[in-house]
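Working through the structure, step by step
So the chains spell out like this:
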2 protein chains.
Amino acid sequence: MDEICEYCQIAGGYGDILFETPYWIIYLAPSQRYLGTCVVALKRYCKDLSQVEKKEWVDFGVIVQKLEHALEKTFKPTLYNWSCFKNSAFRSIKPNPEIHWHFIPRYQEEVDFEGFKFRDQDFGYIPQPIKREIPLKIQEKLGRAIMKHVTS
Amino acid sequence: MDEICEYCQIAGGYGDILFETPYWIIYLAPSQRYLGTCVVALKRYCKDLSQVEKKEWVDFGVIVQKLEHALEKTFKPTLYNWSCFKNSAFRSIKPNPEIHWHFIPRYQEEVDFEGFKFRDQDFGYIPQPIKREIPLKIQEKLGRAIMKHVTS
């Protein structure tokens, strides 16, 4: 990924790896406007979701369960947004989109994590591609807090 | 669905049925800001994607192929956005979200269909939940044009 992804908000990567499965890698997204935002990226190169194979869909379904259940136990979000957009890749002259999902927990109530307040200002509406970075130490603690509830 | 869905832009339904599979129903979305926008709704009630079962994911993967391939042959979009958001359901006092995917073809070039011009004003960026209706006759022709390329 050469471009700054709309929701990931980082150039050249998706963030820190949380865990991987046979076909996907799960990252904690660099932008945490919505607490617990993750990226689920396919390990092999595919341009479109139509190229994703049966075994990869089944594996993805398991990841969806793991992430939603882990977040439920960590921060109890109200709902979850999932999207595979790839729009920002096409701002480039030579677009090279990769299959990656944005997993965005959404919150009706404000959540406090390690003294930082997370209020979902867009609750009830589409998530906005606006960057919010948190200090590295808090980001690392966040990753560990989520991982504590990811079942193997 | 009691609320007006963000991308579907209709109260109480997802539009006209294009086809169905064992577990999902595919609709032509009432709003055609992005030509060929469809909704893929799970037949049974689920609040979250984590409740979607393996056989339903596999079936969904086949639908993704069918829709992307059909659109490719009909209008040759540049890319496809997929999302499962359910945000607007939570504007209600008693939210009753249902699993449904938004399939949104995106276009670098303007497309003409039956004398109507479709220019993707947001190309390279997230799709905007702004309604664009087209006349019923054109909507019906659009459904038939897509279905001509949906393989059984």
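Below is a summary of the structure that appears in this document. Computed from a predicted structure; not experimentally measured.

Turning our eyes to something else, we now look at unusual backbone geometry. All names here are of chain B. Located in the positive-phi region is K86, a residue other than glycine, with phi close to 65°. For K86, a relative accessible area of 4% corresponds to the buried category. We note that E114 has phi near 55°; this positive angle belongs to a residue other than glycine. Tracing the backbone through its elements, the reader meets E114 in the loop between β6 (111-113) and β7 (116-118).

One frequent convention defines the size of an interface as the accessible area lost when the parts assemble. Between chain B and chain A, the contact holds 37 residues from the first and 38 residues from the second. Summed over both sides, the interface between chain B and chain A buries roughly 3,200 Å², with carbon and sulfur atoms accounting for 62% of that surface. Remark: the boundary between chain B and chain A carries zero salt bridges. Between the two partners, chain B and chain A, sit 16 residue pairs in polar contact (both at pLDDT 80 or more). Of all elements in the fold, only α1 (54-74), β4 (79-84) and β5 (100-106) of chain B reach the threshold of two or more residues within the side of chain B that touches chain A.

Next up on the list: the packing of aromatic side chains. Residue and element names in this part refer to chain A. A full pass over the atoms with the stated rule returns 25 aromatic pairs over all chains. Considering the side-chain rings of W57 and F60, the 6.1 Å spacing of their centres and the 80° angle between planes classify their relative orientation as edge-to-face. Here W57 pairs with F60, and both are found in helix α1 (residues 54-74), just three residues apart, close to one helical turn. Both residues of the pair, W57 and F60, belong to the buried class. Sitting over the face of the ring of F118, R132 holds its NZ or CZ atom 4.2 Å from the ring centroid.

Let us look at the side chain of A:E68. Position of A:E68 relative to the elements: it lies in helix α1. Nearest to the buried, unbridged A:E68 among oppositely charged side chains is B:K86, at 5.8 Å. A distance of 2.9 Å separates a polar atom in the side chain of A:E68 from a polar atom in the side chain of A:W82. With residues up to four places along the chain from it excluded, the contact list for A:E68 reads A:Y80, A:W82, A:F103, B:D48, B:L49 and B:S50.

The rules we used
Residues numbered from 1 in each chain as written. Chains lettered and ligands numbered in written order. Predicted model: local features only at pLDDT ≥ 70, side-chain atom pairs only at ≥ 80, totals over all residues. Heavy atoms only, no water. Buried < 20%, exposed > 50% of the residue type's maximum accessible area, 1.4 Å probe, protein only. Helix = DSSP H or I, 4+ residues; strand = E, 2+ residues; numbered from the N terminus. Contact = heavy atoms within 4.5 Å. Buried area = accessible area lost by both parts, 1.4 Å probe. Salt bridge = Lys/Arg side-chain N within 4 Å of Asp/Glu carboxyl O. Polar contact = N/O pair within 3.5 Å; in protein donor to acceptor, adjacent residues only side chain to side chain. Phe/Tyr/Trp six-rings, centres within 6.5 Å; stacked < 30°, edge-to-face > 60°. Lys NZ or Arg CZ within 6 Å of the ring centre and 35° of its normal. Lys, Arg positive; Asp, Glu negative; His and termini not counted.

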